[in-house]
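Chain by chain, the residues run as shown.
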Amino acid sequence: MRIWVYNSRFFYLRPTLPAIELLDRVADRLSRDPSEWDQAIFNEELFFPSHPGYIGLHASKRTMDHYLFMNSKVLFKEVRKDDDLKRLKPVMVHVNYHPDKLPRMEAVVEFYFNGKQDAFDMFPDGSD
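**Q** Could you give an account of the packing of helix H1 (residues 17-32) against helix H2 (residues 38-47), with specific residues and numbers?
**A** Between two packed helices, both the angle of their axes relative to each other and the distance between the axes serve to describe the pair. Running from N to C, H1 and H2 point in directions that differ by 135°, and their axes come no closer than 9 Å. By the angle between their axes, H1 is oblique relative to H2. Crossing hand, H1 versus H2: right-handed. Of the residues in H2, those in contact with Leu22, Arg25, Val26, Arg29 and Leu30 of H1 are Asp38, Ile41, Phe42, Glu44, Glu45 and Leu46.

**Q** Could you give an account of the environment of Thr63, naming the residues involved and the relevant values?
**A** Within the secondary structure layout, Thr63 lies in the loop between H2 and strand S1 (69-71). Counting along the chain gives 57 residues from Thr63 to Tyr6, while the straight-line C-alpha distance between them is 8.6 Å.

**Q** Which residues make up H1, and what values go with them?
**A** Between the first and last C-alpha of H1 there are 22 Å, a value that for 16 residues agrees with the 22 Å anticipated at 1.5 Å per step. Looking at H1, one finds that the buried residues are Ala19, Leu22, Arg25, Val26 and Arg29. Seen end-on, H1 carries its buried residues on one side only, within an arc spanning 125°. Exposed residues on H1 whose side chains face more than 90 degrees from its buried face are Leu17, Ser31 and Arg32. Where H1 is buried, its residues meet H2.

**Q** Just give me the short version of H2, but keep the residues and values in it.
**A** Those residues of H2 that fall on the buried side of the exposure criterion are Gln39, Ile41, Phe42, Asn43, Glu45 and Leu46. Where the residues of H2 are buried, they touch H1.

**Q** Please give an account of the packing of aromatic side chains that cites residues and values.
**A** Scanning the entire structure with this criterion turns up six aromatic pairs. Measuring from ring centre to ring centre gives 5.2 Å for Phe76 and Phe120, while their planes differ by 75°; the resulting arrangement is edge-to-face. Taken as a pair, Phe76 in helix H3 (residues 72-77) and Phe120 in the segment after helix H5 (101-112) lie far apart in primary sequence, 44 residues in all. Pair check on accessibility: Phe76 and Phe120 agree, each one buried. Here the aromatic residues Phe76, Phe111, Tyr112, Phe120 and Phe123 are joined through ring pairs into a cluster of three or more.

**Q** Quick rundown of the side chain of Ser72? Include the residues and the values.
**A** Tracing the backbone shows Ser72 in helix H3. Of note is the side chain of Ser72, whose polar atom sits 3.0 Å from the backbone nitrogen of Tyr97.

**Q** Account for the nonpolar core, naming residues and giving values.
**A** In terms of nonpolar packing, the biggest core is built from 16 residues, with Met70, Leu75, Val79, Val93, Val108, Tyr112 and Phe120 touching the most fellow members. When residues of this core are traced back to their parent elements, those giving at least two are H3 and H5. The dominant element in this core, judged by the number of residues it contributes, is H5, at four residues. Contact partners of Leu75, with chain neighbours within four places excluded, come to Met70, Arg80, Val93, Val108, Tyr112 and Phe120. By size, the runner-up hydrophobic cluster in this structure holds eight residues, among which are Tyr6, Leu22, Ile41 and Phe42.

**Q** I'd like a rundown of the confidence of the model for the protein, residues and numbers included.
**A** Overall, the predicted model of the protein reaches an average pLDDT of 89, with 94% of residues at or above 70. When mean pLDDT is compared element by element in the protein, H5 scores highest at 96, while S1 scores lowest at 89.

What counts and how
Residues numbered from 1 in each chain as written. Predicted model: local features only at pLDDT ≥ 70, side-chain atom pairs only at ≥ 80, totals over all residues. Heavy atoms only, no water. Axes fitted to C-alpha atoms, helices over the stretch in contact; angles between N-to-C directions. Helix = DSSP H or I, 4+ residues; strand = E, 2+ residues; numbered from the N terminus. Parallel < 35°, antiparallel > 145°, perpendicular 65-115°, else oblique. Left-handed = near helix turned anticlockwise from the far one by under 90°. Contact = heavy atoms within 4.5 Å. Expected span 1.5 Å × (residues − 1). Buried < 20%, exposed > 50% of the residue type's maximum accessible area, 1.4 Å probe, protein only. Arc of directions from axis to C-beta. Phe/Tyr/Trp six-rings, centres within 6.5 Å; stacked < 30°, edge-to-face > 60°. Polar contact = N/O pair within 3.5 Å; in protein donor to acceptor, adjacent residues only side chain to side chain. Core = buried A, V, L, I, M, F, W, Y, C linked by side-chain atoms within 4.5 Å. pLDDT = per-residue confidence, 0-100.

Here it is as structure tokens:
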């Protein structure tokens, strides 16, 4: 049962033994089967618990503020509709949820850098 996953496109790792072991395990699995999805492998290795015959990682996990390190789903479904959240200045926006990535990236630049307050208005919430 999957309860939680991390998007493995943006993360911070401290140089600890569990972090190095995580990356070694992910690299090993990807080298054996390059067709596997790197994000799925990352999450399996990070969260799979120890059991007989398998020693799980004991890596600490922290989640960054999802309004400061947001993806496009959070931005287009939630942030743009809330006047208080629209005032936040995110550290980064990962445009990964929608297929029309380039126009949405351009809208992010227009909104956050050029101050165009209606830059997101032309887009649906999802991928219509």
